[in-house]
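# Summary of structural features
One letter stands for each residue in the lines below.
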Amino acid sequence: MKKWNVASVRASKGVEKLGCCTAYDACFARLADEAGVPIILVGDSMGMTMLGYETTLPVKIEETLSATAAVARAVKSAMVVADLPFGSYQCGDDLAVMNAVKCIQAGADAVKLEGGARVCGLIKRLTEAGIPVLAHVGMTPQSVNEYGGFKRQGKTREAAEQVLADAKAVEAAGAFAVTLECIPAELAAQVTASLKIVTVGIGAGPVCDAQWLVMHDLLGLNEKVPTFVKQYAHLASEVRDAFSSYVREVREGVFPE
Ligand code: KIV
């Protein structure tokens, strides 16, 4: 099986739509990889899915590095993208480059960071340093305090123009793909048509070049999911049932035999 890389992701535009997802450990990363997921994101969504926080903001670079290393050890063909957590690239570009280097040394093939025009200088520096960047515009969860909640972006004409301008700016700065999160489907379609790089939508309608889903949402490990999510399994109830059968069988002396 071929290993996905920047060139093959770029070449997929207009040819093949990519169903991509997050993973945060070796077990699920191996299963996603074996199933043919082309890009696995070690998302800072781990703060909410794995660590029990209300937002992604408390995730630390050390947590990203350890999860990235676990995912990279398990994967043979997927591209592994490490999501730079809040605080790891806001305190100066030198520190940001150093943290991105650590992600690559942990096994990532690329990094993702949030922001449009304001992070273009950093995107340029990273790509010049040989670190591929997947950008992220629209609703950027690390700005949750600025928005006052995880709110859909790009709804007014001005806001839509800003999202389009940000997407064009990150492309010009060297990003090989861009996440479009929680923006109107028509705007995502317009951005996708305006860019040469791959757009990876999440809550941004069907016209993007690729899609993300958070692993816990797609597998039904999270029972409460955003409306745009499709659950391809309902593992929460299966896992809960397995745990309760085990507890009951031990209590009743059925297991071990
Ligand atoms: O951290 C994350 O899960 C994300 C999503 C956009 C996929 O950034």
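The model shown is predicted, which means the values in this text are computed figures rather than measured ones. (Residues numbered from 1 in each chain as written. Predicted model: local features only at pLDDT ≥ 70, side-chain atom pairs only at ≥ 80, totals over all residues. Heavy atoms only, no water.)

## Details of the packing of helix α8 (residues 157-173) against helix α9 (residues 185-194)
It is at 10 Å that the axes of α8 and α9 come closest, and there the two elements cross at 30 degrees. One finds that α8 runs roughly parallel with respect to α9. Along this stretch, α8 crosses α9, giving a crossing that reads as right-handed. For the pair α8 and α9, contact is made by Ala 160, Val 163, Leu 164, Ala 167 and Lys 168 and by Leu 187, Gln 190, Val 191 and Ser 194, respectively. (Axes fitted to C-alpha atoms, helices over the stretch in contact; angles between N-to-C directions. Helix = DSSP H or I, 4+ residues; strand = E, 2+ residues; numbered from the N terminus. Parallel < 35°, antiparallel > 145°, perpendicular 65-115°, else oblique. Left-handed = near helix turned anticlockwise from the far one by under 90°. Contact = heavy atoms within 4.5 Å.)

## With respect to the site of the ligand
Close to the ligand lie 13 residues, the nearest being Gly 43, Asp 44, Ser 45, Asp 83 and Lys 112. Within the side chain of Asp 44, an N or O atom sits 3.0 Å from an oxygen atom of the ligand. Between an oxygen atom of the ligand and a side-chain N or O atom of Asp 83, the distance comes to 3.1 Å. For the ligand, whose free accessible area comes to 260 Å², the fraction covered by protein is 96%. (Near = heavy atom within 4 Å. Polar contact = N/O pair within 3.5 Å; in protein donor to acceptor, adjacent residues only side chain to side chain. Areas by Shrake-Rupley, 256 points an atom, 1.4 Å probe, with all protein chains shown as cover.)

## Let's talk about the sheet that holds strand β2 (residues 39-42)
Taking strand neighbours around the barrel as the criterion, the 8 strands line up as β1-β2-β3-β4-β5-β6-β7-β8 in a closed arrangement whose pairing is parallel. In this sheet, adjacent strand axes meet at a mean angle of 25 degrees when their direction is disregarded. Both strand β1 (residues 18-22) and β2 contribute to a ladder of 2 bridges, which runs parallel. Residue pairing across strands places Cys 21 opposite Ile 40, the latter belonging to β2. (Pairing = 2+ DSSP bridges.)

## Some remarks on the nonpolar core
With 40 residues, the main nonpolar core has Leu 113, Ile 123, Leu 126 and Leu 180 as its most contacted residues. Mapped by element, the contributors of at least two residues to this core are α4 (61-74), α5 (93-106), α6 (120-128), β5 (133-138), α8, β6 (177-181) and α9. The element best represented in this core is α8, accounting for 6 residues. In this structure, Val 37, Ala 67, Leu 134 and Ile 202 belong to the second largest nonpolar core, which totals 39 residues. (Core = buried A, V, L, I, M, F, W, Y, C linked by side-chain atoms within 4.5 Å. Buried < 20%, exposed > 50% of the residue type's maximum accessible area, 1.4 Å probe, protein only.)

## Concerning a nonpolar patch on the surface
On the surface, a cluster of nonpolar side chains totalling about 380 Å² of accessible area is made up of Tyr 246, Val 247, Val 250 and Phe 255. Turning to its location among the elements, Tyr 246 is positioned in helix α11 (residues 235-252). (Patch = residues over 30% accessible without salt bridge, like charges linked within 9 Å, V, L, I, M, F, W, Y side chains within 5 Å. Salt bridge = Lys/Arg side-chain N within 4 Å of Asp/Glu carboxyl O.)

## Brief notes about the packing of aromatic side chains
Each aromatic ring pair is summarised here by two numbers: the centre-to-centre distance and the angle between the ring planes. Enumeration according to the criterion identifies 1 aromatic pair in this entry. It is Lys 2 that lies over the ring of Trp 4; its NZ or CZ is 4.2 Å from the centre. (Phe/Tyr/Trp six-rings, centres within 6.5 Å; stacked < 30°, edge-to-face > 60°. Lys NZ or Arg CZ within 6 Å of the ring centre and 35° of its normal.)

## Thoughts on the packing of α5 against α6
Between α5 and α6, whose axes approach to 10 Å, the crossing angle comes to 45 degrees. Viewed along their axes, α5 and α6 adopt a mutual orientation that is oblique. Of the two elements, α5 crosses α6, and the hand of that crossing is right-handed. On α6, the residues touching Asp 93, Asp 94, Ala 96, Val 97 and Ala 100 of α5 are Gly 121, Leu 122, Arg 125 and Leu 126. Split into classes, the residues belonging to the contact of α5 with α6 amount to 5 nonpolar, 1 polar and 3 charged. (Nonpolar A, V, L, I, M, F, W, Y, C, P; charged D, E, K, R; others polar.)

## Quick word on α6
Buried residues of α6: Cys 120, Leu 122, Ile 123 and Leu 126, and no others. Take α6 and look down its axis: the buried residues cluster within an arc of 155 degrees, on one side only. Packed against the buried residues of α6 are α5, β4 (110-112), β5 and α8. A positive phi of about 85 degrees marks Gly 130, the residue just after α6. (Arc of directions from axis to C-beta.)

## Examining unusual backbone geometry
That bond from Phe 255 to Pro 256 is cis: its omega, -5 degrees, falls within 30 degrees of zero. Of note, Pro 256 is situated in the segment after α11. The backbone of Cys 182 shows a phi angle near 45 degrees, a positive value even though the residue is not glycine. Look at Cys 182 and you get buried, because its relative accessible area is 12%.

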